[in-house]
Amino acid sequence: MAWNLDGRVALITGGASGIGAELARQLSARGMRLGLIDIDADGLDGIVPGAETAVADVRDAEALTAAIDNLARRLGGIDVAVANAGIASGGPLRLVAPETVEETIDVNLLGVWRTARAAMPHVLARRGHMLLVASAAAVLPAAGLGAYSASKAGVEALGRSMRVELRPHGVTVSVGYYLFLATPMVAAGEDSPIFGATKAKLPNPIAKTWPLEPAIARTVTSIEKRSRSVVHPPFLRGLMAVRGLLDNSLLDRATSGTIPRMEEAFSAEAERVGAAAAARAVGGR
Ligand SMILES: NC(=O)c1ccc[n+]([C@@H]2O[C@H](COP(=O)([O-])OP(=O)(O)OC[C@H]3O[C@@H](n4cnc5c(N)ncnc54)[C@H](O)[C@@H]3O)[C@@H](O)[C@H]2O)c1
């Protein structure tokens, strides 16, 4: 079932930054041709010389489908579709604005669904591979990241269902689980007065921010092998295996002492810039 990547085509949403941009670079180094989609037009410039690019918002199904169809035409098809575009938001659910939860689920869960749906006919035609980028937060939901964790749990469920449904059609589907990786999104969370202290209290090595390149090298290998998941760092697989037993109490206990401080910091930021902007700033937007 393993693949030679050379000459194949990958479509990546959120290709202008972080995980999407590094994956584009590493897949290109393996001879793949790239179609990159992002809401950030300037950010798409020069990520991979020769890549085809399109500006689209994963919240807009019509524009996204048109962009994917257009890229598929320009590239002659799609072998691999990576639904990666996402946002982080943070703050205690008691205090965040309702639109924060809705926006996070709209981009992270429905955006992944819209991408998968639009890419599906192209990937089916190639009996290809899809990677839906979830997060360790799908398995280990964190205080202060409630909306984000809920959206990622949804991505995991979507990917696991699609994996079984598309298998008879020759398409493999993978779910991506990463702990904190060094990207602009995570840098913003660490610096944030709202989430920074809670992240630091998570048990080490869950609190650690891991270098991006090895995580993406593992992702490239997972695409090559058409694996059912990509998990980085690898010890996360052990936590996933005992997730029922763990029931997250380890993380709950470690971070519960930070909640009053998080509430205070969130309220102060919300007073200053508004609740929606305070939550967005945790993800660097
Ligand atoms: N960095 C991590 O530690 C980590 C861990 C687990 C999962 N993830 C997930 O990986 C994905 C990429 O994260 P990252 O760390 O590279 O973040 P990032 O902020 O560096 O990059 C995200 C990209 O998605 C784009 N994007 C955001 N909203 C969009 C929209 N509505 N339409 C189209 N594009 C949009 C942004 O412009 C940006 O280029 C996200 O889904 C994130 O939740 C990240």
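Keep in mind it's a predicted model, so treat the numbers as computed, not measured. Within each chain, residue numbers correspond to sequence positions counted from 1 in written order. Under the rules for a predicted model, residues below a pLDDT of 70 receive no local features and side-chain atom pairs below 80 are neither given nor counted, while totals for whole chains, interfaces and linings still include all residues. Only heavy atoms go into the side-chain values, all of them from the structure, while hydrogens and water stay out.

Asks: Explanation requested: the site of the ligand in the structure shown.
Replies: Note on definitions. A residue lies near a molecule or strand when any single heavy atom of the residue is within 4 Å of it. Surrounding the ligand, one finds 30 residues, the nearest of these being Ser17, Asp38, Tyr148, Leu181 and Thr183. The term polar contact refers here to a pair of N or O atoms within 3.5 Å; inside protein, the definition further demands a hydrogen-donor-capable atom paired with an acceptor-capable atom, and it admits residues adjacent in sequence only when both atoms are side-chain atoms. Between an oxygen atom of the ligand and a side-chain N or O atom of Asp38, the distance comes to 2.6 Å. Leu181 has a polar backbone atom sitting 2.6 Å from an oxygen atom of the ligand. Listing elements by their share of the shell around the ligand, those giving two or more residues are helix H1 (18–29), helix H5 (146–166) and helix H6 (184–191). Only runs of H or I of at least four residues qualify as helices and only runs of E of at least two qualify as strands under DSSP, and these elements are numbered from the N terminus. The leading source of residues in the shell around the ligand is H6, at three residues. Residues were grouped as follows: Ala, Val, Leu, Ile, Met, Phe, Trp, Tyr, Cys and Pro as nonpolar; Asp, Glu, Lys and Arg as charged; and all remaining residues, including Gly, as polar. Looking at the shell around the ligand, its residues break down into 18 nonpolar, seven polar and five charged.

Asks: I tried to follow the packing of aromatic side chains on my own but got confused; where do I start?
Replies: Under the pairing criterion, centres of Phe, Tyr and Trp rings, with the six-membered ring standing for Trp, must be within 6.5 Å; the plane angle then separates stacked pairs below 30 degrees from edge-to-face pairs above 60, leaving the rest tilted. With the rule as written, the count across this model stands at two aromatic pairs. Aromatic pair Trp210 and Phe235: ring centres 6.1 Å apart, planes at 50 degrees, arrangement tilted. Here Trp210, found in the loop between helix H7 (196–201) and helix H8 (212–224), pairs with Phe235, found in the loop between strand S7 (229–232) and helix H9 (236–241); they are 25 residues apart in sequence, far enough to count as distant. Cation placement over rings: the criterion is NZ of Lys or CZ of Arg within 6 Å of the ring centroid and within 35° of the ring normal. The positively charged end of Lys208 is found above the aromatic ring belonging to Trp210, 4.0 Å away from the centroid. Sitting over the ring of Trp3, Arg226 keeps its end group 4.3 Å from the ring centre.

Asks: Looking at this model, I keep getting lost on the sheet that holds strand S5 (residues 129–133). Mind explaining?
Replies: What links the strands of a sheet is backbone hydrogen bonding, and the strands pair in either a parallel or an antiparallel sense. Taken together, seven strands build an open sheet; the order of strands is S3-S2-S1-S4-S5-S6-S7 and the sheet is parallel. What marks the edges here is a single partner per strand, and that holds for strand S3 (52–55) and S7. Adjacent strand axes in the sheet meet at a mean angle of 15 degrees, parallel and antiparallel pairs treated alike. Across four bridges, strand S2 (residues 33–38) lies against S3 in parallel orientation. Bridge pairing links Ile37 to Ala54 in S3. We call two residues contacting when some pair of their heavy atoms lies within 4.5 Å. Here an angle of 0 to 180 degrees is reported between the N-to-C directions of two axes, which are lines fitted to C-alpha atoms, with helices fitted over the stretch in contact. Sitting on the sheet, H5 is in contact with S5 and strand S6 (172–178), with an inclination near 155 degrees to S6. Two strands make a pair as long as DSSP finds a minimum of two bridges between them.

Asks: When you look at the confidence of the model for the protein chain in this model, what are you seeing that I'm missing?
Replies: The predicted structure's coordinates, where accompanied by low pLDDT, should not be read in detail. Here the protein chain averages 95 in pLDDT, while 99% of its residues score no lower than 70. The predictor rates its confidence in each residue with pLDDT, a number between 0 and 100. Of all the helices and strands in the protein chain, helix H10 (residues 243–246) carries the lowest mean pLDDT, 74, while strand S4 (residues 80–83) carries the highest, 99.

Asks: How should I be thinking about the pairing of S2 in this particular structure?
Replies: Both faces of the sheet carry side chains from a regular strand, because those side chains alternate between them. Think of it in three bands: residues with accessible area under 20% of the maximum for their type are buried, residues over 50% are exposed, and the middle band is partly exposed, with areas taken using a 1.4 Å probe on protein chains only. Buried residues dominate S2, accounting for five of its six residues. Regarding the hand of the β-α-β motif, the stretch spanning strand S1 (residues 9–13), H1 and S2 is right-handed. With the strands aimed away from the viewer, a crossover counts as right-handed if its path from the first strand over the helix to the second runs clockwise.

Asks: It is not clear to me how the UniProt feature "domain: Ketoreductase" (unreviewed entry) in the protein chain should be interpreted in this structure. Could you clarify?
Replies: Listed under "domain: Ketoreductase" (unreviewed entry) in the UniProt record, and renumbered for this structure, are residues 8–178. In the segment residues 8–178, helix accounts for 47% and strand for 18%; the C-alpha atoms at its two ends are 25 Å apart. UniProt positions are given in the numbering used here, feature names are shortened, and annotations may be inferred rather than shown by experiment.

Asks: Help me understand the nonpolar core in this model?
Replies: Nine residue types can take part in a nonpolar core, namely buried Ala, Val, Leu, Ile, Met, Phe, Trp, Tyr and Cys, and a core is a set of them joined through side-chain atoms within 4.5 Å. Among the nonpolar cores identified, the biggest contains 94 residues, and Leu27, Ile37, Met130 and Leu236 are the most heavily contacted of them. The dominant element in this core, judged by the number of residues it contributes, is helix H4 (residues 98–125), at seven residues. Apart from residues lying up to four places away in sequence, Leu236 is in contact with Ala136, Leu140, Tyr177, Tyr178, Leu179 and Val231.

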